[in-house]
Every structure is written in structure tokens, then in C-alpha cells.
Amino acid sequence: AGVRMAGVLVQAGPLRSRALVVVGDGSPSSSGTADAPILLHDCFVRVYAERTAPQPAVATTMLWVRADHVVVDHAWLWRADHDSTAHFTDGENPVQHALEVDGRFVTVYGLFAEHTLGDLTRWRGEDGAVFLYQS
């Protein structure tokens, strides 16, 4: 409880990750509480590799919240749809989901989820809310 993460940039690499950032493991001991929620501020997660990179960047999900009582304040979850020269095709920089939520009482302020190949957001948790969603 009371864990804080702020001001991070996470980028996918060539080995597929189930999720680039995972909050909690689904157990009560990995969750926040109403009085001491887990806080994520200014989190930038991207699946991006230049066309000239030796291997593509790959992931299944960018941010996966598996804990209860989590507050996310400004998350930009971006699958690169272009680089400095041109637009990418759907097969480049593959990622299925920007955000998955399995926890209860998850609140997100400012969710920017862009260009995934599957559902942008999969929200399976109860009693949550999003304020400002841009896709």
C-alpha cells in the first residue's frame, strides 16, 4: 500500500513482454487501500523501434493494473504509428492493448491510449472510473 511511481518512460524491446508495466499481482497483499492507494503519475509507455533497428519492439500490453485502489494520473500509452520518415504498417511495433485493468477501485485521470492492434483498453475491474480518455 502507498506505493508511488512517477515520471517514467518505459519502452518495449525485441523480446515480447506480457506487459511492460504491471501493477500488483492480483493478490490482496499487492493492492493499495482507500487511505493509501498505489499512485502512478506521468507514466509514458511505448512500443517503438526505428525502421533501421535490428529487431522490432513487441509487447502484448503496455500497462496492466492487477491491484485494487490504484490512481493513475496522466498515462500516455503509445504504439508508434510513425517514425521520422513515414507511417508504420499494422505489423510493425505490434502491441494488442494499451491498458488492462483487473483491479477494483482503479481511477485514471488523463488516459492517452493510441494505435494498438487490438482493444485499446480492457477494463474488467469493478468500481473504477476514467476522467479524460483520448484515443
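Keep in mind that this is a model prediction, so the values were computed, not measured. (Residues numbered from 1 in each chain as written. Predicted model: local features only at pLDDT ≥ 70, side-chain atom pairs only at ≥ 80, totals over all residues. Heavy atoms only, no water.)

(A) Spotlight on the sheet that holds strand 2 (residues 17-23). Ordered in space as 2-4-6-8, the 4 strands form an open sheet in which the pairing is parallel. Every other strand in the sheet has two partners, leaving strand 2 and strand 8 (121-123) as the edge strands with one partner each. Adjacent strand axes in the sheet meet at a mean angle of 20°, parallel and antiparallel pairs treated alike. As defined by bridge partners, strand 4 (residues 59-65) adjoins strand 6 (residues 97-101) across 4 bridges and the pair is classed as parallel. Each bridged residue has a counterpart across the sheet, and for V65 the counterpart in strand 6 is V101. (Pairing = 2+ DSSP bridges. Helix = DSSP H or I, 4+ residues; strand = E, 2+ residues; numbered from the N terminus. Axes fitted to C-alpha atoms, helices over the stretch in contact; angles between N-to-C directions.)

(B) Summary view of the nonpolar core. Core analysis: the largest hydrophobic core is formed by 28 residues, its most contacted members being V23, V47, M62, V70 and L77. Those elements that place two or more of their residues in this core are strand 2, strand 3 (38-47), strand 4, strand 5 (70-79), strand 6 and strand 7 (106-114). With 5 residues, strand 3 is the largest single contributor of residues to this core. In this structure, V23 is in contact with I38, L40, L63, W64, V65, R66, A67 and V70, ignoring residues within four places of it in sequence. (Core = buried A, V, L, I, M, F, W, Y, C linked by side-chain atoms within 4.5 Å. Buried < 20%, exposed > 50% of the residue type's maximum accessible area, 1.4 Å probe, protein only. Contact = heavy atoms within 4.5 Å.)

(C) How the structure looks around the packing of aromatic side chains. Enumeration according to the criterion identifies 5 aromatic pairs in this entry. Among the aromatic residues, ring-to-ring pairing joins F44, Y48, W76, W78 and F88 into one connected group. Here the basic side chain of R18 rests over the ring of W64, its NZ or CZ set 3.9 Å away from the ring centre. The ring of W64 carries R66 above its face, with NZ or CZ at 4.6 Å from the centroid. (Phe/Tyr/Trp six-rings, centres within 6.5 Å; stacked < 30°, edge-to-face > 60°. Lys NZ or Arg CZ within 6 Å of the ring centre and 35° of its normal.)

(D) Structural view of the pattern of salt bridges. Following the criterion strictly, the structure yields 6 salt bridges and no others. Residue R124 pairs with D102 through a salt bridge whose shortest N-O separation is 2.6 Å. You can see R124 sitting in the loop between strand 8 and strand 9 (129-134) and its partner D102 sitting in the loop between strand 6 and strand 7, a full 22 residues away along the chain. Residue classification places R124 among the partly exposed positions, given a relative accessible area of 40%. (Salt bridge = Lys/Arg side-chain N within 4 Å of Asp/Glu carboxyl O.)

(E) Highlighting unusual backbone geometry. For H74, which is not glycine, the phi dihedral falls at a positive 75°. Structurally, the position occupied by H74 is in strand 5. Note on H74: relative accessible area 26%, which makes it partly exposed. Of note, the phi angle at L132 is positive, near 80°, even though the residue is not glycine. In this structure L132 comes out as exposed when scored by relative accessible area, which is 52%.

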